[in-house]
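Listed below, chain by chain, are the residues.
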Amino acid sequence: MTLSTAAPPAGPAEKAPARGRPGRRPIRRAFLRDWQLYTLAIVPLAFFVIFRYAPMIGNIIAFRRFQPGGSMFGGTWVGLRYFEMFLADPTFWRVFTNTVIIGLLSTVVCFPLPIVLALMLNEVRNHAFKRFVQSVSYLPHFLSTVVVAAIVMQLLTVDGPVNQLLSFTGGPPVAFLQEADLFRTIYVSSEVWQTVGWGTIIYLAALTTIDEQLYESAKIDGAGRLRQIWHVTLPGIRPTIITLLVLNIGTFMAVGFEKILLLYNPATYPTADVISTYLYRLGVVSGNFSYATAIGLFEAVIGLVMVFGANLLSRRTVGASLW
Amino acid sequence: MVSRVRWVNATLLIGVVVVTLYPFFNIVARSFSAEKYIVSGQVNLWPKGFNLTTYQIVMSDPVFWINYRNTVVYTVVATAISMVVTTCYAYVLSKPHLRGRKVLIGVAVFTMFFSGGLIPQYVLISNLGLTNTIWSIVLPNAISVFNLLVMKTFFEGLPRELEEAAAIDGMNTYGILAKIVLPLSKAVLATMVLFYAVSFWNSWFPAFLYLDKIEMFPVTIYLRNLIAGATGAESAGANPDVHSEIMQVASNIQAVTIILTILPILMIYPFVQRFFVSGVMLGAVKG
């Protein structure tokens, strides 16, 4: 992800020399000069066209009656029929609500924690200890979603450590993954475990750019460690925080589809089923391709609008932009 | 006052370390424990009824090794292809004078924010006849836009003079890329290889979608099928005794399979971790 933390100077500065250029080179000349470079772009462009843009166009099956096994561009036009169908589908609204709730919960919990951890790491003066904590906390980031799901299941089985802890308090064992009420807690906790350490990297980098003199003058003004964090450190990483927040808000609907697919089951559908898992079951499992595509397109468009909206908002209010 | 804050801070950080590592130690303890102690909830951080039988069971399953080998093959092939394609495009995008550069960047970046979606992608792969081939795993994820932008940023930071001198000497673009640019980029290339390799090693969903032959599964699907069999409500059979027995065996074997799956990553992790961190830093800087 490219993050511009100082957008206002970068934007105009990039454009100024382009305007000052004495007339653009004709396309033919540019091609004759750089044709070898363009040839290097052929295969990557083919990749993007085939595997990224063709599926976008393939969304037209949301407006057609598509037969499984048929061509991506086959079928007869049915207009907005499938959109009307899912808007009237109570299950759709349930999974929509679940997506929003899980997305919001994940953002609210998983976004601030790396900042806190980065601030804590920043206070550590012993380098070996700091590096050790960092190494350990990054580790879960490198695990496959399948492994994380398997670990979650092992911890939560009837004979697992969490139930062992419960038995000390005299409670009966709980089949955690069968409890709809607990699914979101389990999901968000595992997200925290997996992402909190890795999320500190960018903040730690931003922290190194804060001017030491600011701390010195804060100290002279009589500020303790905590007040220094509040008045110097946090303002210092504010642009980074805001940029990442924009990105997070923009993509909050893109919940961890793979992990939910591995962890949920019919008993937890009421709280765990999200748009992407629902359309997976509708499309891939049951073969209702057009219907599932309509839902997928709806979600993708919302996602796009959210990213652009969040970016616009942050550009207007704080001058930080993703691009 | 200051020293008290520092002690609280250190204690909390030790807590973070414990919470992060605890699941690993628990899984390791389970993998070496006898079934009966696991079932009765007695295994926590230390194995009880130490044995290697579970390891022998898993490692004597030919399917496990076939799937493990598949993971290695998929990772190597996919990483190699991804590296070639990503390097070429990143190099093109790093040339500020190139006509149409902004469009070429836009083509890539737009896909970060809008995707065709699961079903059209699935239909496309079927239409192309890639289902049940290695290409369904390798090709659809050949370029990670994040990695692409990291490489582009790196190339942009290379000194221009060397390339210009080589061009004046009559070397063509391909030669400059292969003989001048790439040797200067070993650090970023290593980072990218690791990024891609870890993501392909860990990947399971494309295989889950597009492969349905057991002998083609990667090891992640082997593990998924174990845990799906052990927990999914669909496996809740009529006979509770049979069911619970299946669950216990799977629980034991799961621990071993988890460990064997993450072992390669755990072994290289201490040595390569800094590459990952530097990669993220590069990606975080505006290109």
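Scroll up to find the structure this text is about.
Counting from 1, residues in each chain are numbered in the order their sequence is written. Chain A is the first chain written and ligand 1 is the first ligand written, with later ones labelled in order. Local features in a predicted model are, by the rule used here, given only for residues with pLDDT of at least 70; side-chain atom pairs are given and counted only at 80 or more, and totals for whole chains, interfaces and linings are based on all residues. For the side-chain quantities, the full set of heavy atoms in the structure was used; hydrogens and water were omitted.

Novice: What am I meant to see in the overall build of chain A here?
Specialist: Numbering of helices and strands runs from the N terminus, with a helix taken as a DSSP run of H or I at least four residues long and a strand as a DSSP run of E at least two residues long. Scanning chain A for helices and strands turns up 16 helices and 2 strands. Burial classes: relative accessible area under 20% of the type maximum marks a residue as buried, over 50% as exposed, and values in between as partly exposed (1.4 Å probe, protein chains only). Per-residue burial for chain A yields a buried fraction of 53% across its 323 residues. Surface exposure here means Shrake-Rupley accessible area, sampled with a 1.4 Å probe, where a residue is shielded only by the protein chains that are shown. Accessible surface computed for chain A: about 15,500 Å², of which carbon and sulfur atoms make up 67%.

Novice: For this particular structure, what's the right way to read the environment of A:Thr200?
Specialist: Residues and elements named next belong to chain A. Residue position: Thr 200 is located in helix α9 (residues 183-207). Since its relative accessible area comes to 0%, Thr 200 is described here as buried. Separated by 55 residues in sequence, Thr 200 and Thr 145 have C-alpha atoms that sit 20 Å apart.

Novice: How should I be thinking about the pattern of salt bridges in this particular structure?
Specialist: Oppositely charged side chains are able to pair whenever their charged atoms sit close together. Salt bridges are identified by distance alone: a Lys or Arg side-chain nitrogen within 4 Å of an Asp or Glu carboxyl oxygen. Taken as a whole, this structure holds 10 salt bridges over all chains when the rule is applied. A:Asp159 is the partner of B:Arg30 in a salt bridge, and the nearest nitrogen-oxygen pair spans 2.8 Å. Of the two residues, B:Arg30 sits in helix α1 (residues 2-32) while A:Asp159 sits in the loop between α7 (145-156) and α8 (161-168), which places them in two different chains. For B:Arg30, a relative accessible area of 1% corresponds to the buried category. Judged by its relative accessible area of 7%, A:Asp159 falls in the buried class. Between A:Glu191 and A:Lys259 there is a salt bridge, with its nearest N and O atoms 2.8 Å apart. Of this pair, A:Glu191 sits in helix α9 while A:Lys259 sits in helix α13 (residues 257-263), placing them 68 residues apart in sequence. A single burial state applies to A:Glu191 and to A:Lys259, both of which are buried. Residues joined in a network through salt bridges with shared partners are A:Arg94, A:Asp273 and A:Arg281.

Novice: What am I meant to see in the nonpolar core here?
Specialist: If you look at soluble globular proteins, the nonpolar side chains tend to sit buried side by side. Working definition of a nonpolar core: buried Ala, Val, Leu, Ile, Met, Phe, Trp, Tyr and Cys residues. They are joined through side-chain atoms within 4.5 Å. In this structure, A:Phe48, A:Ile237, A:Ile295, B:Tyr89, B:Leu118 and B:Ile119 are the most contacted members of the largest nonpolar core, which totals 183 residues. In this description, contact between two residues means that some pair of their heavy atoms is separated by no more than 4.5 Å. Sequence-distant contacts of A:Ile295, defined by excluding residues within four places in its chain, comprise A:Phe86, A:Phe92, A:Ile275, A:Tyr278, A:Leu279 and A:Leu282.

Novice: What's the story with unusual backbone geometry in this structure? I'm lost.
Specialist: In terms of backbone geometry, most residues other than glycine have negative phi values and most peptide bonds are trans. Residue and element names in this part refer to chain B. Unlike most non-glycine residues, Asn 132 shows phi in positive territory, near 60°. Looking at the element boundaries, Asn 132 is found in the loop between α6 (118-127) and α7 (135-138). On the basis of relative accessibility, which here comes to 19%, the residue Asn 132 falls in the buried class.

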